[in-house]
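# An overview of the molecular structure
This is what each chain is made of:
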Amino acid sequence: MPAARDNVTPRPRAATIICQALYYLVGRYLPPSYACSLLGRLSKQFRALVCRQIFRSAGRNVNVEHGAYFGSGRLIEIGDNSGIGVDCHVPADIRIGRDVMMGPEVLVIGRNQNHRFDDLDLPIRLQGYADSPPVVIEDDVWLGARAIVLPGIHIGRGSIIGAGAIVTRDVPPFAICAGNPARIIRFRNAPCEAERQLDTLPPVPACAAPVNSLEE
């Protein structure tokens, strides 16, 4: 389980509904956390306080940004120091680990948005939804602006999803992915080609003087 399990005691349904109303009528429209220092900090604290009463579990220093949409949010688990970015759209059962960053307008598609379409004689809107597990985003993941994550995807620890990428498959730990569909460019814990080329260059002799040295 990537997300913290703090604050999982059941709450009265009426209290949850009140907090949902406070978020969607007030908190969602308050300024982002980085705006006008004091007002931004107060807005962040208000949203965090309200969402802590909505989510299934919430860690410390959680940041739900301006405009974020998460449905009922009752099954969301989010770890310490993680955030849901400005105008992001995530499903009500997403599991987010610790230290996760989201750029603006990230879209994570949940199970209730994944329509079935197998029956050609029945309109798609009447075929219900395909069953899929919750989206899981493990610790220390960075999702770039306007990235799209499809239902049931598991994003491994320490990975980076480039801006505008469409993630259609599970992402292994420490992978850097980009494109449509998203492909692995390289791994953070493996040297890139440029680094390998530098390793093959002959060492500079100790007596060689630097050219155009900043000390000249």
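Refer to the structure printed above.
Predicted model only: the values in this text are computed from it and were never measured.

What counts and what doesn't
- Residues numbered from 1 in each chain as written.
- Predicted model: local features only at pLDDT ≥ 70, side-chain atom pairs only at ≥ 80, totals over all residues.
- Heavy atoms only, no water.
- Phe/Tyr/Trp six-rings, centres within 6.5 Å; stacked < 30°, edge-to-face > 60°.
- Helix = DSSP H or I, 4+ residues; strand = E, 2+ residues; numbered from the N terminus.
- Buried < 20%, exposed > 50% of the residue type's maximum accessible area, 1.4 Å probe, protein only.
- Pairing = 2+ DSSP bridges.
- Salt bridge = Lys/Arg side-chain N within 4 Å of Asp/Glu carboxyl O.
- Core = buried A, V, L, I, M, F, W, Y, C linked by side-chain atoms within 4.5 Å.
- Contact = heavy atoms within 4.5 Å.
- Polar contact = N/O pair within 3.5 Å; in protein donor to acceptor, adjacent residues only side chain to side chain.
- Axes fitted to C-alpha atoms, helices over the stretch in contact; angles between N-to-C directions.
- Parallel < 35°, antiparallel > 145°, perpendicular 65-115°, else oblique.
- Left-handed = near helix turned anticlockwise from the far one by under 90°.
- Nonpolar A, V, L, I, M, F, W, Y, C, P; charged D, E, K, R; others polar.

Here the focus is the packing of aromatic side chains. Across all of its chains, the model carries five aromatic pairs by this definition. A ring pair is formed by Y24 and Y69, whose centres lie 5.6 Å apart and whose planes are at 55°; its orientation type is tilted. Linking Y24 in helix α1 (residues 13-25) with Y69 in the loop between β2 (63-64) and β3 (77-78), this pair joins segments that are 45 residues apart in sequence. For Y69, a relative accessible area of 31% translates into the label partly exposed. Between the aromatic rings of Y24 and F70, the centroid separation amounts to 5.5 Å while the plane-to-plane angle is 45°, which identifies the pairing as tilted. On the criterion of sequence distance, the pair formed by Y24 in helix α1 and F70 in the loop between β2 and β3 is long-range, its members being 46 residues apart. Residues Y24 and F70 agree in their burial class; the two are buried.

With that settled, consider the sheet that holds β3. Pairing is parallel across the open sheet formed by five strands, whose spatial order is β1-β3-β5-β8-β11. What marks the edges here is a single partner per strand, and that holds for β1 (57-58) and β11 (154-155). Looking at chain direction, strand β5 (residues 95-96) and strand β8 (residues 136-137) are connected through two bridges and run parallel. Its bridge partner being in β8, I96 is matched across the sheet by I137.

The strand order β6-β9-β12-β14-β15 describes an open sheet built from five strands, whose pairing is mixed. Here the strands that pair on one side only, and so sit at the sheet edges, are β6 (101-102) and β15 (183-187). With two bridges joining them, β6 and strand β9 (residues 142-143) adopt parallel strand pairing. Looking at the pairing, M101 lines up with W142 of β9.

Counted under the stated rule, the structure contains eight salt bridges. Of the charged contacts in the structure, one is a salt bridge between R98 and D80, with a shortest N-O distance of 3.8 Å. Highlighted residues: R98 in the loop between β5 and β6 and D80 in the loop between β3 and β4 (83-84), separated in sequence by 18 residues. Residue D80 is classed as buried on the basis of its relative accessible area, which comes to 8%. Where salt bridges share partners, they join R60, D80 and R98 into one cluster.

The biggest cluster of nonpolar side chains holds 37 residues, and the ones touching the most others in it are F70 and L143. Going through the elements one at a time, α1, α2 (37-52) and β14 (175-178) are the ones with two or more residues in this core. Ranked by the residues each element gives to this core, the list is headed by α1, at three residues. Excluding residues that lie within four positions of it along the chain, F70 makes contacts with Y23, Y24, C51, I54, F55, V64, I76, V90, P91 and A92.

Looking at the element boundaries, E77 is found in strand β3. Relative accessible area serves as the criterion here: at 2%, E77 is assigned to the buried category. Within the local environment of E77, its side chain forms a polar contact with the side chain of R56, the two groups lying 3.1 Å apart.

Turning our eyes to something else, we now look at the packing of α1 against α2. Two quantities define a packed helix pair, namely the angle between the helix axes and the distance between the axes. Put simply, α1 and α2 touch, their axes get as near as 9 Å, and they point 150° apart. If you check the angle between α1 and α2, you find them roughly antiparallel. The handedness of the crossing between α1 and α2 comes out as left-handed. Facing C19, L22 and Y23 of α1, the residues of α2 in contact are F46, R47, V50 and C51. The class makeup of the residues in the contact of α1 with α2 is six nonpolar, no polar and one charged.

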